[in-house]
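Observations on chain architecture
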Amino acid sequence: MTSKASLLSDYLQSTGVQLCCGVDPDPYELRAAGFDDTQPECVREWIDLLLGVAIEHTKVFKLQKAFFDLLPEGRSLLAHTISCIHDVGAFAILDAKVGDTSNTMKAYWRFANSLDADFLTITPYFGPELWESQFGGDCLPAVITRSSNLGAASFQDLQIYDGRYVWEMVLDNIVNSKCQDMLVVFSSRSNRDIRRFAATLDGRFPVLFGGFGHQGVQAKDVNGVFSAGHYPLPIFNSSRALTFPHHDGVYSESYVSALEQSFAQAMQLTKEGGVTR
């Protein structure tokens, strides 16, 4: 059976799509868009509307578990979202950023597999066993090599005994891992970091780039580095700025119209500086 990581790579390279749609049902944002977050049927309406627009542009989705957890019937809504994504042959990344002892990780993997998620985001600091021991099931790890959180640099950019940064040590663990089916998550606004990352990874795994838009990552900078090295282009995640395109909480037009324009603009921005393969 072809792995989901390989299928994702094939999709990205055959279509040239570089946009991952974040599905973050933030209660505040839902209310601003005219959806009652306290009513599961209203949230379901938003999910169906969002996916209906998004699937015309991408087949990669990242679902933020924390926001679903805040909602009444959140688990049911999460399962519904993943089911709808799979109905159109798309990919569902469950974003929980987990990382714990082996017994607790068993529970996380069981949860992700019970929802039929394709990937589960992993924070790597409990060691490679976090992604090398998936305890059965088809869900694959999406390992966060370097976070888009700006404050994380105070830890991730520390140098260890041999001069490598902490994030480079994580990346080396991924490259040398016995697990060869995964998604690698990375973010940086530094061309130096992007070059180091791309050269070390050398196209082994599909790449999800975080921090696009809101946190300042520019697709033209990332694509320029990946194209120069002849590496497969990454996919960029965009969440709030993409799916809730308002100005200070106010929509100047209908939510659907704003959403359609937002996707069209994001598709154009992700291709800047890159070569479509």
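Scroll up to find the structure.
The paragraphs below set out a description of the structure included in this document. (Residues numbered from 1 in each chain as written. Predicted model: local features only at pLDDT ≥ 70, side-chain atom pairs only at ≥ 80, totals over all residues. Heavy atoms only, no water.)

Helix and strand content of the chain: 13 helices and eight strands. Relative to the 2.2 N^0.38 estimate, which gives 19 Å for 277 residues, the radius of gyration of the chain is 18 Å and therefore close to what a compact globule would have. For the chain, the spread of C-alpha atoms along the principal axes amounts to about 55 × 45 × 40 Å. Out of the 277 residues in the chain, the part that is buried amounts to 50%. At a minimum sequence separation of 6, the contacts of the chain that also span at least 24 residues come to 69%. With the model as given, the accessible surface of the chain reaches about 12200 Å², and the carbon-plus-sulfur share is 49%. (Helix = DSSP H or I, 4+ residues; strand = E, 2+ residues; numbered from the N terminus. Rg over C-alpha atoms; globule rule 2.2 N^0.38 Å. Buried < 20%, exposed > 50% of the residue type's maximum accessible area, 1.4 Å probe, protein only. Contact = heavy atoms within 4.5 Å. Areas by Shrake-Rupley, 256 points an atom, 1.4 Å probe, with all protein chains shown as cover.)

Moving on: the pattern of salt bridges. In the structure shown here, the tally under the stated rule is 11 salt bridges. The salt bridge involving Asp69 is made with Lys65; its shortest N-O contact spans 2.8 Å. You can see Asp69 and its partner Lys65 sitting in helix H4 (residues 65–69), four residues apart, about one turn around the helix. Look at Asp69 and you get partly exposed, because its relative accessible area is 49%. In this structure, the salt-bridge partner of Asp193 is Arg146, at a minimum N-O distance of 3.9 Å. Here Arg146 lies in the loop between strand S5 (140–144) and helix H8 (153–156) and Asp193 lies in helix H10 (residues 191–201), a separation of 47 residues in the sequence. (Salt bridge = Lys/Arg side-chain N within 4 Å of Asp/Glu carboxyl O.)

Attention now goes to the environment of Ser147. For Ser147, the position within the fold is in the loop between S5 and H8. Here Ser147 is in contact with Ala152, Gln156 and Ser187, once residues within four sequence places are set aside. There is a polar contact of 2.9 Å between the side chain of Ser147 and the backbone nitrogen of Asn149. (Polar contact = N/O pair within 3.5 Å; in protein donor to acceptor, adjacent residues only side chain to side chain.)

What follows deals with the side chain of Thr58. Mapped onto the elements of the fold, Thr58 is located in the loop between helix H3 (40–54) and strand S2 (60–64). Look at Thr58 and you get buried, because its relative accessible area is 1%. Within the structure, Thr58 has its side chain in polar contact with the backbone oxygen of Leu19 (distance 2.5 Å). Within polar-contact distance, the side chain of Thr58 engages the backbone nitrogen of Val60 at 3.2 Å. Excluding residues that lie within four positions of it along the chain, Thr58 makes contacts with Tyr11, Val17, Leu19, Cys20 and Cys21.

We now examine the sheet that holds strand S6 (residues 183–186). Strands sit in the order S1-S2-S3-S4-S5-S6-S7-S8 around a closed barrel of eight strands; the barrel is parallel. Here the average twist between neighbouring strands, direction ignored, is 30°. Bridge count for strand S4 (residues 119–122) against S5 is four bridges, and the pairing is parallel. Bridge pairing in S5 links Leu120 to Pro141. Here helix H13 (residues 255–270) sits on the sheet in contact with strand S1 (19–23) and strand S8 (235–238), set at roughly 135° to S1. (Pairing = 2+ DSSP bridges. Axes fitted to C-alpha atoms, helices over the stretch in contact; angles between N-to-C directions.)

This next bit is on unusual backbone geometry. A positive phi is found at Lys97, a non-glycine position, where the angle reads about 50°. Considering the arrangement of structural elements, one finds Lys97 in strand S3 (residues 91–98). Judged by relative accessible area, which is 42%, Lys97 ranks as partly exposed. Even without glycine at this site, Asp116 takes up a positive phi of about 65°. One can find Asp116 in the loop between helix H6 (102–114) and S4.

Distances and angles like these do not, on their own, reveal function.
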